[in-house]
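# Coordinates in review
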Amino acid sequence: MMIDNESAPVRVVLYEGDGADPLDATDRAGVLRSLLDRGYMVSDARGGTGGALAASAGERCFIVIGQFGGGVAPRLEDGAGGAQIATCDISGLSPDAVLSAVENARDGQPMNQPGAWKPWFPVIDYDRCTNCMQCLSFCLFDVYGVDGDNQIQVQNNDNCKTNCPACSRVCPEVAIMFPKYAAGPINGEPVSDEDLSREKMKVDISSLLGGDIYSRLRDRSEAAKSRFSKERDSDKALGERKRCLTKLAAQGEIPEEVLASLPSPEEIARKAEEAKEKANAALAANRSSD
Amino acid sequence: MSERPPILYCRCAYAQVVPDAVKDGVLDGLCASGGGFDSVADLCEMSARKDPRLAAVAEGGPVRIAACHPRAVRWLFHAAGTPLGEDAEIVNMREGDADDALGELLGGEAKC
């Protein structure tokens, strides 16, 4: 599932200044936990020492909560008229009840929420990246591209297949991270010399096993097509493809769902050729500018 | 009021790769401390959306960020088009325990 890139999270401001009673630490933590786990951004404004996240120009929706005197939330307005500010009195409410009050105050304002989507996309460490374009050549889902200076970049992170770290496996410099991955160095842990040699070894093993995997798929595809033409046995051709992909999954930790969503072998061949041309063009441009 | 830099806490709510005991312990400690702080559900989700509020963090001067591996956090900001400044300190809640992380956030030097 893709995220909604247009909607920004609503910001909740927990106010405990003049005109409001402070929460005790346990209640404060309970309220924050409840709101954060639902996807809200929360500013705890005690003592004026928040402020890492200053309000940005595009921010439009604020919900100010607090234990207000007399149990009545004040009315607040943005003097410039650009932002919508709702207020909620949370006196005596449990964290779950505070969450319900905030959800009501949000009044349908769109925002992404945990559970519907996992932020899974490659993050490039440009201190390590050598712009070799192997990731661009490898990815079949058009996640990578080059910028105006022919520098590799992640252009379509919504296209990335959840839980598939395969491109990071082909990167010879271990420059591609997936922060939500379980293990290092793909998750962003520092890269050790041992990691580097291990990752390079994986690429070498892949070569020994038959060059780049798309060439291998193409070969298999041709073989399957040849058999198909002789035997007219579509089940056998499909079986061949499945065996090939299953082997790739075992080698590259590619999730089965990703394999299931791969295009046909012909489409793979076409896309791989396109990606290779794009990568070669960028590399040639970089060479000529050196 | 303390002189420490502003703190940004990431809940890692979208995938939960930060251990619960650490992120809950850090949140409890921040809530029991004398100062306020900002908190977000998930920096990865914000980076994916290129949330303009990341620019407010990156351009706002010194900041301490409680999240995960510093290399990942730095390049997540870069991926959003808002590179973090050299004065940003990142506290790794994926390693160590909550007391260590709180010590770095509220007092001592954080790892960059």
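Residues numbered from 1 in each chain as written. Chains lettered and ligands numbered in written order. Predicted model: local features only at pLDDT ≥ 70, side-chain atom pairs only at ≥ 80, totals over all residues. Heavy atoms only, no water.

## Some remarks on the overall build of chain A
- Of the regular secondary structure elements, chain A holds nine helices and nine strands.
- In chain A, which comprises 290 residues, the share counted as buried stands at 44%.
- By sequence separation, contacts in chain A at least 24 residues apart represent 62% of the contacts at least 6 residues apart.
- In the structure as shown, chain A presents an accessible area of about 14400 Å², 50% of it carried by carbon and sulfur atoms. (Helix = DSSP H or I, 4+ residues; strand = E, 2+ residues; numbered from the N terminus. Buried < 20%, exposed > 50% of the residue type's maximum accessible area, 1.4 Å probe, protein only. Contact = heavy atoms within 4.5 Å. Areas by Shrake-Rupley, 256 points an atom, 1.4 Å probe, with all protein chains shown as cover.)

## Things to note about empty space enclosed by the protein
Residues and elements named next belong to chain A.
- Counting across every chain of the model gives five cavities of 30 Å³ or more.
- A volume near 110 Å³ is recorded for the second largest cavity.
- For the second largest cavity, the lining is made up of 15 residues, of which Cys 129, Cys 132, Cys 135, Cys 171 and Ile 176 are closest to its centre.
- Every element with two or more residues in the lining of the second largest cavity is listed here: α3 (134-138) and α4 (166-170). (1 Å grid on protein atoms, 1.4 Å probe; cavity = no way out; pocket = protein on both sides within 12 Å on 5 of 7 lines; lining within 4 Å. Points joined across faces, edges and corners; volume = space filled by probe spheres on them.)

## Points about the packing of helix α1 (residues 25-37) of chain A against helix α1 (residues 20-32) of chain B
- Where α1(A) contacts α1(B), the axes come no closer than 8 Å and their chain directions differ by 130 degrees. Looking at the two axes, α1(A) sits oblique to α1(B). The interaxial crossing formed by α1(A) with α1(B) has right-handed handedness. Every residue of α1(B) that contacts α1(A) at A:Ala25, A:Arg28, A:Ala29, A:Leu32 and A:Arg33 is listed here: B:Asp24, B:Leu27, B:Asp28, B:Cys31 and B:Ala32. (Axes fitted to C-alpha atoms, helices over the stretch in contact; angles between N-to-C directions. Parallel < 35°, antiparallel > 145°, perpendicular 65-115°, else oblique. Left-handed = near helix turned anticlockwise from the far one by under 90°.)

## So, the confidence of the model for chain B
- For chain B, per-residue confidence averages 92 on the pLDDT scale, and 94% of positions sit at 70 or higher.
- Considering each helix and strand of chain B separately, the mean pLDDT is smallest for helix α3 (residues 53-58) of chain B, with a value of 91, and largest for helix α4 (residues 70-79) of chain B, with 98. (pLDDT = per-residue confidence, 0-100.)

## Quick word on the pairing of strand β4 (residues 61-68) of chain A
All names here are of chain A.
- In terms of burial, β4 is a largely internal element, eight of the eight residues being buried.
- Bridge count between strand β2 (residues 20-21) and β4: two bridges; the pairing is antiparallel. Paired with Ala 20 across the two strands is Phe 68, which belongs to β4.
- Sheet topology note: the β4/strand β5 (residues 84-89) ladder contains six bridges and is parallel. Each residue of the ladder has a partner; that of Phe 62, found in β5, is Ile 85. (Pairing = 2+ DSSP bridges.)

## Some points on the side chain of A:Arg46
- Among the structural elements, A:Arg46 can be located in the loop between β3 (41-44) and β4.
- A polar side-chain atom of A:Arg46 sits 3.5 Å from the main-chain carbonyl oxygen of B:Cys31.
- Residues contacting A:Arg46, with those up to four places away along its chain left out, are A:Glu16, A:Arg28, B:Leu30, B:Cys31, B:Ser33, B:Gly34, B:Gly35, B:Gly36 and B:Phe37. (Polar contact = N/O pair within 3.5 Å; in protein donor to acceptor, adjacent residues only side chain to side chain.)

## Digging into the packing of α1(B) against helix α5 (residues 98-106) of chain B
All names here are of chain B.
- Relative orientation of the contacting elements α1 and α5 amounts to 40 degrees, with a least axis distance of 8 Å. Classified by the angle their axes make, α1 and α5 are oblique. The element α1 and its partner α5 pack so that their crossing is right-handed. Contacts from Ala 21, Val 22, Gly 25, Val 26, Gly 29 and Leu 30 of α1 reach α5 at Ala 98, Ala 101, Leu 102, Leu 105 and Leu 106.
- Looking at the contact of α1 with α5 residue by residue, the class counts come to nine nonpolar, two polar and no charged. (Nonpolar A, V, L, I, M, F, W, Y, C, P; charged D, E, K, R; others polar.)

## What about the packing of aromatic side chains?
All names here are of chain A.
- Using the criterion set out here, one finds five aromatic pairs over all chains in the structure.
- For the ring pair Trp 120 and Phe 178, a centre distance of 4.8 Å and an interplane angle of 20 degrees mean the geometry is stacked. Of this pair, Trp 120 sits in the loop between α2 (95-106) and β6 (123-124) while Phe 178 sits in the loop between β9 (176-177) and α5 (193-208); the two residues are 58 residues apart in sequence, bridging distant segments of the chain.
- Residue Phe 178 is classed as buried on the basis of its relative accessible area, which comes to 1%.
- Of the aromatic side chains, those joined through ring pairs into one cluster are Trp 120, Phe 178 and Tyr 181.
- Sitting over the ring of Phe 141, Lys 161 keeps its end group 4.7 Å from the ring centre. (Phe/Tyr/Trp six-rings, centres within 6.5 Å; stacked < 30°, edge-to-face > 60°. Lys NZ or Arg CZ within 6 Å of the ring centre and 35° of its normal.)

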